[in-house]
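Topology and contacts: notes
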Amino acid sequence: MAENWWQDCVVYQIYPRSFQDSNGDGIGDIPGIIQRLDYLQTLLIDAIWLSPIFLSPMADFGYDISDYCSIDPVFGTMADVERLISEAHKRNIRVIFDMVLNHTSLEHPWFAESRLSRQSEKADFYIWSDTIPNNWHAAFGGRAWTYDSTRKQYYLHSFLPDQPDLNWRSSKTVEAIFNQLAFWLDKGIDGFRLDVINCIVKDEALRNNPKIIGSRPRPYDMQRHIFDRNRPESHQKLKMLRKLIDGYDQRMLVGEIMVELPGEPELAASYLGRFQDELHLCFDFSLAYTRFSAVKWKKVAKRWYEAVGKHRVPTWVLNNHDIPRIVSRLHGNEEKARLAALFLLTQRGAIFLYYGEELGLPNSKISRAAMHDPLGKRYWPFHPGRDPERGPMVWSTGEGNGFTTGESWLASAKAANRYSVENQELEQDSMLHFYRRLLSLRKEDEVLRNGLCTFIDTSCMHILAYCREIGSDQRLILLNMSNKNQICSVPLVQTSAMQCELIFSTEARSGRMDDLHAIQIGPFQGRIYRLL
Ligand code: TEU
Ligand code: CA
């Protein structure tokens, strides 16, 4: 068994608005999640991560918090959350909350007080300036500075004007933030997903960011974020935060590091700290932005493993509430999606799944007129918004798909019935059972969870091949990421084994023995072998 639960965990992300509605208002809620804990248990996951459920005016659907210590009534009550934690724990499922600490909502009482006057108790809880001090852009468009007519100054917001950035340079602010976290730690929460945690401290002199030159700039983000992100002081604050967490038993921090595309895994990994003294885990989204190809995925995975190193824990994720669903990125090709899942669940470290991924659920189609996401509203069609990847979970067939008895706040995926849990339970070879088989194999197999990963150059460039091992106990994974039959020979320098036993396959052919000199694999098929 692993020393710390997060080192080889599977975390299932829930977007609470879209998971299960319990009262017919068309919006998912906490009692709904409780109703589905038995289902979650059948997936053998170790934890659930809930996107924000705190009090919020929902300008950014909960990523604008107006009270960290109360629950938004649309999601339920504090009693519901306490019941969720205890019911989940009964089933050995840990609960992770999403904490947005870079900014609050405009409606947070801290901001109300801060904007009142320059002398107020919370005057420096946010970042204020008499004039617009620099060229910084907000990630969701426009300038990062907005005038406040009460205080007669500009305040900084890295996202919407509704999301003023907290001033982490003030020790009083940091103390207030830490108190919010302690509230939840005392309630028994198992960890936090920390939103854009590399953005918390800004350049003290508020220097200008350089413009993006050369490659075609994205209209909603046209500069290199040198001075409003990744300041050395953010690491210092994370070290303080880690000390707070370490005062409790087995609590985990996973950070979202906002990087410039296409990904900077080394930068993300730097937030893990060198001495287990910052985040326990952090995301690298490179895979989500890499074309489906054996050569490319191998390169990306190798780089991430190297950035993290053997003594820290890599995370693996295909999609989330900000990134189009994996099946949609693969243009609906379910075979490719299975291969992607096989890749994901045979990596070392912590795996993050996104609700509906286990069903092969694609994005919803959302028109400009139906769009809720502020990013999509502003930048459609250049940015299609994030509503499409936030569609309702499909539990059963028929009206509302078991998600709601009312009218869903957001449209379901096209032909949603065919993805329903209800149908997939009955189909032997469904995506759901495929995920379950993989998840259960991973749960049973220490080598798949914790074994070191070494990529292998086979005779075929279309086959992604790697070996996982703990001592002499080895697994060989072969993924044919092309649409053609491929034959390869696998040179295994580390082992004398030339025979292997098939323990998992996307094809129906387990239990076979194969000769490593000439393995034949069909288009988009993948296998796991035990080396003998
Ligand atoms: O996301 C950071 C973020 O802004 C990007 O992931 C963004 O969504 C992407 O670049 C758009 O293409 C976090 C949250 O995950 C996101 O939902 C919030 O909106 C955002 O922070 C602000 O809190
Ligand atoms: Ca509801």
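Residues numbered from 1 in each chain as written. Chains lettered and ligands numbered in written order. Predicted model: local features only at pLDDT ≥ 70, side-chain atom pairs only at ≥ 80, totals over all residues.

**Focus on the overall build of the chain**
The helix and strand tally for the chain stands at 14 helices and 21 strands. Per-residue burial for the chain yields a buried fraction of 49% across its 532 residues. (Helix = DSSP H or I, 4+ residues; strand = E, 2+ residues; numbered from the N terminus. Buried ≥ 20, exposed ≤ 12 C-beta atoms within 10 Å, placed from the backbone.)

**Quick notes on the site of ligand 1**
Taken together, Asp60, Tyr63, Val100, Ala139, Phe159, Asp195, Val196, Glu256, Met258, His321, Asp322 and Leu375 make up the full set of residues adjacent to ligand 1. Partitioning the shell around ligand 1 into residue classes produces seven nonpolar, one polar and four charged. (Near = placed C-beta within 6 Å. Nonpolar A, V, L, I, M, F, W, Y, C, P; charged D, E, K, R; others polar.)

**Notes on the domain arrangement of the chain**
Reports often express the size of an interface as the amount of accessible area lost when the parts come together. We note that the domain assignment places domain 1 (9-104 + 171-442), domain 2 (109-156) and domain 3 (450-531) within the chain. Between domain 1 and domain 2, the C-alpha centre-to-centre distance is 29 Å. The interface of domain 1 with domain 2 comprises 16 residues on the first partner and twelve residues on the second. Considering every element that reaches the side of domain 1 that touches domain 2, the biggest residue donor is helix H11 (residues 374-379), with four residues. When its residues are assigned to classes, the side of domain 1 that touches domain 2 shows six nonpolar, five polar and five charged. (Domains from an automatic or database assignment. Contact = placed C-beta atoms within 7 Å.)

**Section: the sheet that holds strand E19 (residues 513-515)**
Pairing in this open sheet of six strands is antiparallel, and the strands run E14-E15-E16-E21-E18-E19 from one edge to the other. Each having just a single partner strand, strand E14 (452-456) and E19 make up the two edges of the open sheet. Between one strand axis and the next, the sheet turns through 35° on average, direction left out of account. With five bridges joining them, strand E16 (residues 473-480) and strand E21 (residues 526-531) adopt antiparallel strand pairing. Counted as the bridge partner of Leu478 is Arg527 from E21. Those strands touched by helix H8 (residues 294-308) are E14, strand E15 (463-470) and E16, and its axis lies near 30° from that of E15. (Pairing = 2+ DSSP bridges. Axes fitted to C-alpha atoms, helices over the stretch in contact; angles between N-to-C directions.)

**What to know about the packing of helix H10 (residues 334-344) against helix H13 (residues 431-444)**
At a closest axis distance of 10 Å, the pairing of H10 and H13 adopts a crossing angle of 15°. When the axes of H10 and H13 are compared, the pair comes out roughly parallel. Here H10 and H13 pass one another in a crossing that is right-handed. Across the interface between the two elements, Glu334, Arg338, Ala341 and Leu342 from H10 touch Met431, Phe434, Tyr435 and Leu438 from H13. (Parallel < 35°, antiparallel > 145°, perpendicular 65-115°, else oblique. Left-handed = near helix turned anticlockwise from the far one by under 90°.)

**Remarks on the environment of Gly26**
Secondary-structure assignment places Gly26 in the loop between strand E1 (10-14) and helix H1 (30-35). Of the residues examined, Gly26 has 17 C-beta atoms within 10 Å and is grouped as partly exposed. Distance in space between the C-alpha atoms of Gly26 and Pro362 is 20 Å, their sequence separation being 336 residues. For Gly26, the contacting residues outside a window of four places in its chain are Asp21, Thr404, Gly406, Glu407, Ser408 and Trp409.

**What to know about unusual backbone geometry**
A cis amide bond links Trp380 to the next residue, Pro381, at an omega of -5°. Note that Pro381 resides in the loop between H11 and helix H12 (421-426). Positive phi outside glycine occurs at His331, with the angle close to 55°. Note that His331 resides in the loop between helix H9 (326-329) and H10.

**What to know about helix H6 (residues 232-246)**
One turn of an α-helix holds 3.6 residues; hence residues three or four places apart share an orientation. Between its first and last C-alpha atoms H6 spans 22 Å; for 15 residues at 1.5 Å apiece the expected length is 21 Å, and the two agree. All of the buried residues along H6 are Ser234, Lys237, Leu238 and Leu241. Down the axis of H6, the smallest arc covering the buried residues is 105°, so these residues share one side. Of the residues in H6, the exposed ones pointing more than 90 degrees away from the buried face are Pro232, Met240, Lys243 and Asp246. In this structure, the buried side of H6 is in contact with helix H5 (171-186) and strand E10 (252-255). (Expected span 1.5 Å × (residues − 1). Arc of directions from axis to C-beta.)

**Focus on helix H4 (residues 109-116)**
Within H4, the full set of buried residues consists of Trp110, Phe111, Ser114 and Arg115. Buried residues of H4 fall within an arc of 120° about the axis and therefore sit on the same side. Buried residues along H4 sit in contact with strand E7 (145-148).

**As for the pairing of E1**
On a regular strand, each side chain points to the face opposite its neighbour's, so the side chains alternate between the two faces of the sheet. For E1, the tally of buried residues reaches five of five residues, placing the bulk of the element in the interior. Side chains Val10, Tyr12 and Ile14 of E1 all project onto a buried face; the interleaved residues Val11 and Gln13 project onto the opposite face, where all are buried too. Bridging between E1 and strand E2 (residues 47-50) involves four bridges; their strand directions are parallel. Looking at the pairing, Ile14 lines up with Leu50 of E2.

**Looking at the sheet that holds strand E5 (residues 94-99)**
Across the sheet, eight strands lie side by side as E11-E10-E9-E5-E2-E1-E13-E12; this open sheet has parallel pairing. The sheet is open, and its two edges are formed by strand E11 (281-282) and strand E12 (315-317), each paired on a single side. With four bridges connecting them, E5 and strand E9 (residues 191-194) associate as parallel partners. Counted as the bridge partner of Ile96 is Gly191 from E9.

**Overview of the pairing of E16**
The buried fraction of E16 is high, at seven of eight residues. Here E15 runs beside E16; their pairing, made up of eight bridges, is antiparallel. By the bridge assignment for E16, Ile470 is matched with Asp473.

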